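Breakdown of the fold
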Amino acid sequence: MGEGYRIAVVGATGQVGTLMLRLLRERSFPASEIVPFASDRSVGRELDGGLVVQGLSEDSAQGFDLALFSAGGGTSSEWAPRFAQDGAIVIDNSSRWRMNNDVPLVVSEVNPEALKNHRGIIANPNCSTMQMVVALKPLYDEAGIERLVISTYQAVSGTGKKAVDELLHQSRALLAGDEPPDPRAYAHRIAFNALPHAGNFAPGDDHTDEERKLINETRKILGDPTIRVSATCVRVPVVNGHSESVNVETRSPLSPDEAREILAAAPGVTVLDDPGAGRYPMAIEADGHDDVFVGRIRRDPGHDQALELWIVSDNLRKGAATNAVQLAEVLHERGLIGARVA
Ligand SMILES: NC(=O)c1ccc[n+]([C@@H]2O[C@H](COP(=O)([O-])OP(=O)(O)OC[C@H]3O[C@@H](n4cnc5c(N)ncnc54)[C@H](OP(=O)(O)O)[C@@H]3O)[C@@H](O)[C@H]2O)c1
């Protein structure tokens, strides 16, 4: 490897970690060394490209400029502060740090200016929130947002590799006329089903944590705690790519044509909106792409200042790995790696 930063990728054997390693390479991010970390189960494993997985320890966590984490909240809780204390900037995919006041929660097209306030840890938003705010920010800038009513149709890859395997195993068994394996990743069978239960219910809460993330993270990223947000998150038997139906009530009038024009010019957004010709965003087409796709843009017949949108994106890419690498690129371009607010 050439000139550049010493980078740790924690959770390097997972879906998001594998993609972050690939994107760092494909986008030629300046790296002098990339060190992959994972659990003890994977230590010593050789990854594509010849990198060998390391275990996390006091010694192995030293001397990094940048650390990209996607190994779950527990690992981030324990190890992100240690990497940060040793001088690395941590970009964390878990939900552990997102709502901390001194942790910027950043989407590269939406609020990159928040990066400069980091104190060592930067949080990558939840996947459903991420794709939605990429599409909403340009509309928010034009007309404000009073209220959002969101229903998600979330892919199983958002739960991790074990959930993808579970969907495929259950589907194969059912198609063969066999008894499907018992659910493990979810409370019920996911194959040929829809679960109004994406995320977990905390005791006493009638919303899942995934729904709370959509509500709280949207307000934090858009910097507007007055936006009213209603969310229902549903897990569907799709391997990869989250879809969302979003009803947007704006503060000033905005027509569907104006919204279409604004979104067509927005960074990171592709408008696919010719429903009569069968052109609208779909998970199977968003899979493998970095953009957020928006279609079915129309007036809500029940509210003359509300629009309906259908927003689809690859949750492992823009919803996680792509945004993490884009944040690293912005930090690099702005000379922020190594510079820290005291
Ligand atoms: N999937 C998404 O759409 C998405 C979107 C946004 C954020 N995220 C977040 O990203 C993280 C990873 O998601 P994923 O889908 O990539 O999960 P995954 O495929 O299950 O991978 C999990 C990764 O974490 C590692 N790991 C687990 N326990 C560890 C430990 N104690 N110490 C070190 N490494 C450990 C695993 O290593 P082994 O292979 O050795 O077990 C693996 O590399 C989660 O925090 C998730 O919430 C995911």
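The text that follows walks through the structure, step by step, so that each part is easy to find. (Residues numbered from 1 in each chain as written. Predicted model: local features only at pLDDT ≥ 70, side-chain atom pairs only at ≥ 80, totals over all residues. Heavy atoms only, no water.)

Time to look at the layout of surface pockets. In this model, the largest pocket occupies a volume close to 1300 Å³. Only helix 1 (15-26), helix 2 (72-85), helix 4 (161-175), helix 5 (209-222) and helix 8 (317-333) provide two or more residues apiece to the lining of the largest pocket. Classifying every residue of the lining of the largest pocket gives 14 nonpolar, 25 polar and eight charged. A volume near 240 Å³ is recorded for the second largest pocket. Residue lining of the second largest pocket: Ala12, Thr13, Gln15, Thr18, Leu19, Leu21, Arg22, Arg25, Arg45, Leu47, Asp48 and Leu51, and that is the complete set. When grouped by side-chain class, the residues that make up the lining of the second largest pocket number five nonpolar, three polar and four charged. (1 Å grid on protein atoms, 1.4 Å probe; cavity = no way out; pocket = protein on both sides within 12 Å on 5 of 7 lines; lining within 4 Å. Points joined across faces, edges and corners; volume = space filled by probe spheres on them. Helix = DSSP H or I, 4+ residues; strand = E, 2+ residues; numbered from the N terminus. Nonpolar A, V, L, I, M, F, W, Y, C, P; charged D, E, K, R; others polar.)

Time to look at helix 4. Its 15 residues place the ends of helix 4 21 Å apart at the C-alpha level, agreeing with the 21 Å of an ideal helix rising 1.5 Å per residue. Along its buried surface, helix 4 packs onto helix 1. Positioned one or two residues after helix 4, glycine 177 has a phi angle of 80 degrees, which is positive. (Expected span 1.5 Å × (residues − 1). Contact = heavy atoms within 4.5 Å.)

Aromatic ring pairs are defined here through the distance separating the ring centres and the angle between the ring planes. Throughout the structure, instances matching the rule amount to six aromatic pairs. Note on phenylalanine 37 and phenylalanine 64: the rings are 5.9 Å apart at their centroids and 75 degrees apart in plane angle, and the pair reads as edge-to-face. On the criterion of sequence distance, the pair formed by phenylalanine 37 in strand 2 (residues 31-37) and phenylalanine 64 in the loop between strand 2 and strand 3 (66-69) is long-range, its members being 27 residues apart. Note on accessibility: phenylalanine 37 and phenylalanine 64 belong to one class, buried. Taking 5.2 Å as the distance between ring centres and 65 degrees as the angle between the ring planes, the aromatic pair formed by tyrosine 153 and tryptophan 310 counts as edge-to-face. You can see tyrosine 153 sitting in strand 6 (residues 145-154) and its partner tryptophan 310 sitting in strand 11 (residues 306-313), a full 157 residues away along the chain. With relative accessibility at 22%, the residue tryptophan 310 sits in the partly exposed group. An aromatic cluster of three or more residues is present, and its members are Phe37, Phe64, Phe69 and Phe83. Between arginine 6 and the ring centre of phenylalanine 64, over which it is positioned, the NZ or CZ distance is 4.1 Å. Taking the ring centre of tryptophan 97 as reference, the NZ or CZ of arginine 96 above it sits at 4.0 Å. (Phe/Tyr/Trp six-rings, centres within 6.5 Å; stacked < 30°, edge-to-face > 60°. Buried < 20%, exposed > 50% of the residue type's maximum accessible area, 1.4 Å probe, protein only. Lys NZ or Arg CZ within 6 Å of the ring centre and 35° of its normal.)

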